[in-house]
Amino acid sequence: MEQSQSPTCLHSPPCPRADDSSWGSAKVVAAHPEQGWSLLCGGALAFEDTGGLLPDGRSVAPYRPTDWTRTAA
Ligand SMILES: [Zn+2]
């Protein structure tokens, strides 16, 4: 099994690492919906526009899964 999970992650199954492509599926550990972001297990921030900010400072472009329905109008 993957042995490089964050030692602070106590979830089962363990959350993806923040540098994994599936980082966005990590558990939310602190939600701030009024500010439009959530802190995910692993230290990444997830924004309500589906973008993100990784703990190493890299930003993740929003993937906006609903864009194709919105822009169809
Ligand atoms: Zn976790």
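Residues numbered from 1 in each chain as written. Predicted model: local features only at pLDDT ≥ 70, side-chain atom pairs only at ≥ 80, totals over all residues.

Comments concerning the pairing of strand β1 (residues 28-32)
The side chains of a regular strand alternate between the sheet's two faces.
No. 1: Little of β1 sits inside the fold, with 0 of its 5 residues counted as buried.
No. 2: Judged from the 4 bridges that link them, β1 and strand β2 (residues 37-40) form a sheet pairing that is antiparallel. Following the sheet pairing, Val28 is matched in β2 by Leu40. (Buried ≥ 20, exposed ≤ 12 C-beta atoms within 10 Å, placed from the backbone. Helix = DSSP H or I, 4+ residues; strand = E, 2+ residues; numbered from the N terminus. Pairing = 2+ DSSP bridges.)

Some remarks on the pairing of β2
No. 1: Between the antiparallel neighbours β1 and β2 lie 4 residues, among them Gly36 with a positive phi of about 85°.
No. 2: Across 3 bridges, β2 lies against strand β3 (residues 45-47) in antiparallel orientation. Each residue of the ladder has a partner; that of Trp37, found in β3, is Phe47.
No. 3: Between β2 and β3, which follow one another and run antiparallel, lie 4 residues, and Gly42 among them has a positive phi close to 105°.

Details of unusual backbone geometry
No. 1: Pro13 follows Ser12 through a cis peptide bond whose omega is 0°.
No. 2: Note that Pro13 resides in the segment before β1.

Details of the nonpolar core
No. 1: Ranked by size, the top nonpolar core spans 8 residues in total: Cys15, Ala18, Trp23, Ala26, Leu40, Cys41, Ala44 and Ala46.
No. 2: Those residues in contact with Ala46, other than ones at most four positions away along the chain, are Gly24, Trp37, Ser38, Leu40 and Gly52. (Core = buried A, V, L, I, M, F, W, Y, C linked by C-beta atoms within 7 Å. Contact = placed C-beta atoms within 7 Å.)

Description of the environment of His32
No. 1: Tracing the chain through its elements places His32 in strand β1.
No. 2: Expressed as a C-alpha distance, the spacing of His32 and Glu48, which sit 16 residues apart in the sequence, is 9.8 Å.
No. 3: If we skip the residues at most four places from it in the chain, His32 touches Trp37 and Ser38.

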